[in-house]
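# Working through the structure, step by step
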Amino acid sequence: MNLRKFLIAALLLAGVAAFFALDLGRYFSLAFIKDSQASFTALFNERPVMVTLVFFAVYVAVTALSLPGAAILTLAGGASFGLVWGTVVVSFASTIGATLAMLAARYLLRDAIQVRFGRRLDEVNKGIEKEGAFYLFSLRLIPVVPFFALNLLMGLTRIKTWTYFWVSQLGMFAGTVAYVNAGTQIAKIDSLQSILSPGLIGSFVLLGLLPLGVSKVLGFVKRRKVYARWKSVRPSRFDRNLVVIGAGAGGLVSAYIAAVVKAKVTLVEAHKMGGDCLNYGCVPSKALIRSAKLAHQMRHGAQYGLRDSQPPFSFKAVMQRVQNVIRAIAPHDSVERYTGLGVEVLQGHARIVNPWTVKITLNGGGTQLLTTRSIVIAAGARPLVPPLPGLDDVGYVTSDTLWDAFAQLDAVPRRLVVLGGGPIGCELAQAFARLGAEVTQVEMAPRLLGREDEEVSALAREALAADGVQVLTGHKALRCENVGGVKTLVVAHQGIEKRVEFDQLICAVGRVARLTGYGLEELGISTQRTVPTNDYLQTIYPNIYAAGDVAGPYQLTHVAAHQAWYAAVNALFGEFKLFKADYSVIPWTTFIDPEVARVGLNEQEAKEKGVAYEVTKYNIDDLDRAIADSEARGFVKVLTVPGKDTILGVTIVGTHAGDLLAEYVLAMRHGLGLNKILSTIHTYPTLSEANKYAAGEWKRAHQPRRLLEWVRKYHDWKRR
């Protein structure tokens, strides 16, 4: 707290202390107001302006300092000024005082609260930005939260001052009139409770529900408006409860849930069942990484007491194994399995004709038109190909096309360029380097894995460089050239051009949602980056949902499946209750060696968001099992709330980091702290002990030192 804040806080506290020390509360009692009414009225008749200004100032001060007595002053306003003038004076004084209290709380407390509870307040502030005026109006009409507490709490949010003022002015008006009117009959009032009859309380409750009702009505009107041009084509009956477009992770889970609850559901897939993850992403890349790791271990057999040996292998056989792994997993996502579950699977291209009709152009020929109550769009994403001059001339593959293209090669590409330093680029660069390729990785940003902490990026770079990858960060790809059959990538670094010759080039600079060709443009749904959705994954049409990569914000298979639950349940049962998609605890892993796994905040994000944190770090090179496995590298880094064991985020770098992360994901999801992890028995010797030892590091840093000093003295005394 700076000096100015300290002085203001001291001044406010002095005012509150003076109120109680001088027993000023005796002037804010019903008996005092009754006894003083005649003399106060006479003084007002004699000097109306002065009395009004003094009363106004006192009312503002009492409200701004959150002192008891505002209700009594409101009665006094009615008794002295009458209904009309008393309402005007009290209404503005109470609103100004409330606004000052809110601003004081904002100035003195909001920064500190934001630092400590920033993540929790983010959701509150989003709600305030969207419907804050409605909620404030409701609370002003129904005093569920005492007004003084409401003033202080709202100061911690980002509600605009002018919005707070005029909403408070309107919201408190009905109550002000009731109390001022009662003040005009003050002689008949025995207590404050006698003012509010059950009927009047009921009226306030109804008034308080009014803004929420208005919000619902506006939502209804908005829905009517968006459906207006389709009114004539709305079916009277529907062929399906749900049509799902795309059979990747999001689409498969959506269809599965619908089938489980006995809804009539159709799943449409234009290409391969299982989507990108099974056919081009997670599954083939992990199969390749495993083969590459084994080759790496054979080359470094001396680490295990064996001989280093150059692994003889057929690249075709390696790529064939990748295809075998895909085929082995494919039945889990097959047409036969989902048909057996009760899902109608149609293979073809789906196009949304109107909000309730989907036209499917079948792969085998012909079309089919289906009407449906709801639609889930889960079309996935495709690799982004940069507009690089000459790229088409030299030829390239992406993370989607390389599996078929490289399966035709007799040997691993001798010289390979990987464009992109994100997770996909890093995984592929390391894997192909371990299989014998001369890999050059080009990243325009200053470091690899830019979303991770700098120390993590540095470790990733060291690991790739150790496997022979030439990492060029801070290098911008300018163009490709093909001169005499020699393929070259021209890059620029600090104004100097550099030429990199290659045999194959992999574009791994990111992925973009598949949004075209599904009729979204004709429906008026934006197709800029992702499909815009609300918290319930609804598009501008409440019966059309999006899940997975097309919706964002994460391009992760498990997040797509997570979103699919919300999309399917909301689509099928939304008329009863809608569920907000929960992104509070999202894990992910980059499967380089050593793996990089994370959930929640890292230091980089905590600093960007202004969230206060403590860091606890345990180095895995001290872990018995990691030493035994010759995998003693990496760390577990935990961010916690200062002074508490509440977990804000975890980053793990090391072998099987993705598996180790699960314990922290569980802990964060269910509000368990590091003390719970520390008290959990972990099998010895296992890698999972790293989590317990990290919790132990936190515990040591938070020892009750004073108590332990007394315990030491106790033991010293016992030895005498």
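If you're wondering where the values come from, they're calculated on a predicted model, not measured in any experiment.

## Considerations on the side chain of E481
The residue E481 is located in strand β11 (residues 476-483) in this model. Polar side-chain contacts of E481 include one of 3.0 Å to the side chain of R479. Within the structure, the side chain of E481 is placed 2.5 Å from the side chain of R499, a separation counted as a polar contact.

## Observations regarding the nonpolar core
If you look at the biggest cluster of nonpolar residues, it comprises 42 residues, and the most contacted ones within it are L288, F406, F432, V439 and I506. Contributing elements (two or more residues each) for this core: α12 (282-299), α13 (315-329), α16 (402-407), β8 (415-419), α17 (423-434) and α18 (454-466). Sequence-distant contacts of L288, that is, excluding residues within four places in its chain, are made with V318, M319, V322, W403, L428, A431, F432 and L435. Within the second largest apolar cluster, 28 residues are counted, among which are Y227, V268, I352 and L520.

## Concerning the pairing of strand β3 (residues 344-354)
Pairing analysis gives four bridges linking strand β2 (residues 265-269) to β3, with the strands arranged parallel. Bridge assignment links L267 to a residue of β3, and that residue is V345. Direction of pairing for β3 relative to strand β4 (residues 357-362): antiparallel, over a ladder of six bridges. Across the sheet, the residue bridging to H349 is T361, located in β4. Hairpin connection of β3 to β4: two residues between the antiparallel strands.

## Regarding the pairing of β4
Where β4 lies against strand β5 (residues 367-377), five bridges are found, and the strand directions are antiparallel. By the bridge assignment, T357 is partnered in β5 with T371.

## What to know about the confidence of the model for the protein
Averaged over every residue, the pLDDT of the protein is 89; residues scoring 70 or more account for 92%. At the level of individual helices and strands, the protein shows its lowest average pLDDT in helix α9 (residues 198-227), which scores 59, and its highest in strand β9 (residues 438-443), which scores 98.

## Quick word on helix α1 (residues 3-21)
Three- or four-residue spacings in an α-helix give side chains the same orientation, since the helix completes a turn every 3.6 residues. Between the first and last C-alpha of α1 there are 26 Å, a value that for 19 residues agrees with the 27 Å anticipated at 1.5 Å per step. Buried residues of α1: K5, A9 and F19, and no others. Down the axis, α1 shows its buried residues gathered within 80° of arc, on one side only. Residues of α1 that are exposed and point more than 90 degrees away from the buried face comprise L3, R4, L7, L11 and A21. Taken from the residues just after α1, D23 is the one with a positive phi, measuring 55°.

## Some thoughts on the pattern of salt bridges
With the rule as written, the count across this model stands at 29 salt bridges. For R514, the salt bridge identified is with D400, shortest N-O distance 3.9 Å. Pair noted here: R514 is in the loop between β15 (511-513) and α19 (520-523) and D400 is in the loop between β7 (397-398) and α16, with a separation of 114 residues, a long-range link. For R514, a relative accessible area of 23% corresponds to the partly exposed category. Between K637 and E603 there is a salt bridge, with the nearest N and O atoms lying 3.0 Å from each other. Separated by 34 residues along the polypeptide, K637 in strand β20 (residues 635-640) and E603 in helix α21 (residues 603-609) bring together distant segments of the chain. Where salt bridges share partners, they join D453, E455, E603, K617 and K637 into one cluster.

## Observations concerning the sheet that holds strand β13 (residues 496-502)
Strand order in the open sheet formed by three strands is β11-β12-β13, with antiparallel pairing between adjacent strands. Edge positions in the sheet fall to β11 and β13, since each has one partner strand and no second. Pairs of neighbouring strands in the sheet enclose a mean axial angle of 25°, with direction left out of account. With seven bridges joining them, strand β12 (residues 486-493) and β13 adopt antiparallel strand pairing. Residue pairing in the sheet places K487 in a bridge with F502 of β13.

## A short note on the packing of helix α4 (residues 70-81) against helix α8 (residues 173-183)
One can describe the packing of α4 onto α8 by two numbers: an axis separation of 6 Å at closest approach and a directional angle of 60°. One finds that α4 runs oblique with respect to α8. Crossing geometry of α4 relative to α8 is assigned as right-handed. Taking contact as the criterion, the partners of A71, T74, L75, G78 and A79 in α4 are, on α8, T176, Y179, V180, A182 and G183. Classifying every residue of the contact of α4 with α8 gives six nonpolar, four polar and no charged.

## Observations regarding unusual backbone geometry
Residue P594 is reached from D593 by a cis peptide bond, and omega for that bond is 5°. Within the secondary structure, P594 is located in the loop between β17 (587-590) and β18 (595-600). The omega torsion across Y684 and P685 is -10°, close enough to zero to call that bond cis. With respect to the helices, strands and loops of the structure, P685 is situated in the loop between α24 (674-678) and α25 (689-701). Backbone geometry at K262 places phi at a positive 65°, although glycine is not the residue there. Mapped onto the elements of the fold, K262 is located in the loop between α10 (249-260) and β2. Its identity is not glycine, yet S630 carries a phi of approximately 55°, on the positive side. For S630, a relative accessible area of 30% translates into the label partly exposed.

## Comments concerning the sheet that holds β20
Pairing within the open sheet is antiparallel, and its five strands lie in the order β17-β18-β21-β20-β19. Whereas interior strands pair on both sides, the edge strands pair on one side only; in this sheet they are β17 and β19 (614-619). Each strand axis lies, on average, 10° off the axis of its neighbour in the sheet, ignoring direction. In terms of strand pairing, β17 meets β18 through four bridges, oriented antiparallel. What sits directly across from P587, in β18, is V599.

## Description of the packing of helix α3 (residues 48-64) against α4
At a closest axis distance of 10 Å, the pairing of α3 and α4 adopts a crossing angle of 165°. Here α3 is positioned roughly antiparallel relative to α4, judged by the angle of their axes. The hand of the α3/α4 crossing is left-handed. Two secondary-structure elements touch here, α3 through V51, T52, F55, V58, Y59 and V62 and α4 through A70, L73, T74, A76, G77 and F81. The residue makeup of the contact of α3 with α4, split by class, is nine nonpolar, three polar and no charged.

## Focus on the packing of aromatic side chains
Counted under the stated rule, the structure contains 13 aromatic pairs. Relative to Y541, the ring of Y227 has its centre 5.6 Å away and its plane inclined at 55°; by these criteria the two rings are tilted. Here Y227 is found in helix α9, whereas its partner Y541 is found in the loop between α19 and β16 (544-546), with 314 residues between them in sequence. In this structure, Y227 and Y541 share a single accessibility class: buried. Taken together, a centroid distance of 6.1 Å and an interplanar angle of 50° make the contact between Y554 and Y583 tilted. One end of the pair, Y554, is in the loop between β16 and α20 (557-573); the other, Y583, is in the loop between α20 and β17, with 29 residues separating them in the sequence. For Y554, a relative accessible area of 18% translates into the label buried. If you follow K617 out to its NZ or CZ, it ends over the ring of F635, 4.3 Å from the centre. Positioned over the ring face of W710 is K713, at 4.7 Å from the centre of the ring.

Quick notes on the rules
Residues numbered from 1 in each chain as written. Predicted model: local features only at pLDDT ≥ 70, side-chain atom pairs only at ≥ 80, totals over all residues. Heavy atoms only, no water. Helix = DSSP H or I, 4+ residues; strand = E, 2+ residues; numbered from the N terminus. Polar contact = N/O pair within 3.5 Å; in protein donor to acceptor, adjacent residues only side chain to side chain. Core = buried A, V, L, I, M, F, W, Y, C linked by side-chain atoms within 4.5 Å. Buried < 20%, exposed > 50% of the residue type's maximum accessible area, 1.4 Å probe, protein only. Contact = heavy atoms within 4.5 Å. Pairing = 2+ DSSP bridges. pLDDT = per-residue confidence, 0-100. Expected span 1.5 Å × (residues − 1). Arc of directions from axis to C-beta. Salt bridge = Lys/Arg side-chain N within 4 Å of Asp/Glu carboxyl O. Axes fitted to C-alpha atoms, helices over the stretch in contact; angles between N-to-C directions. Parallel < 35°, antiparallel > 145°, perpendicular 65-115°, else oblique. Left-handed = near helix turned anticlockwise from the far one by under 90°. Nonpolar A, V, L, I, M, F, W, Y, C, P; charged D, E, K, R; others polar. Phe/Tyr/Trp six-rings, centres within 6.5 Å; stacked < 30°, edge-to-face > 60°. Lys NZ or Arg CZ within 6 Å of the ring centre and 35° of its normal.

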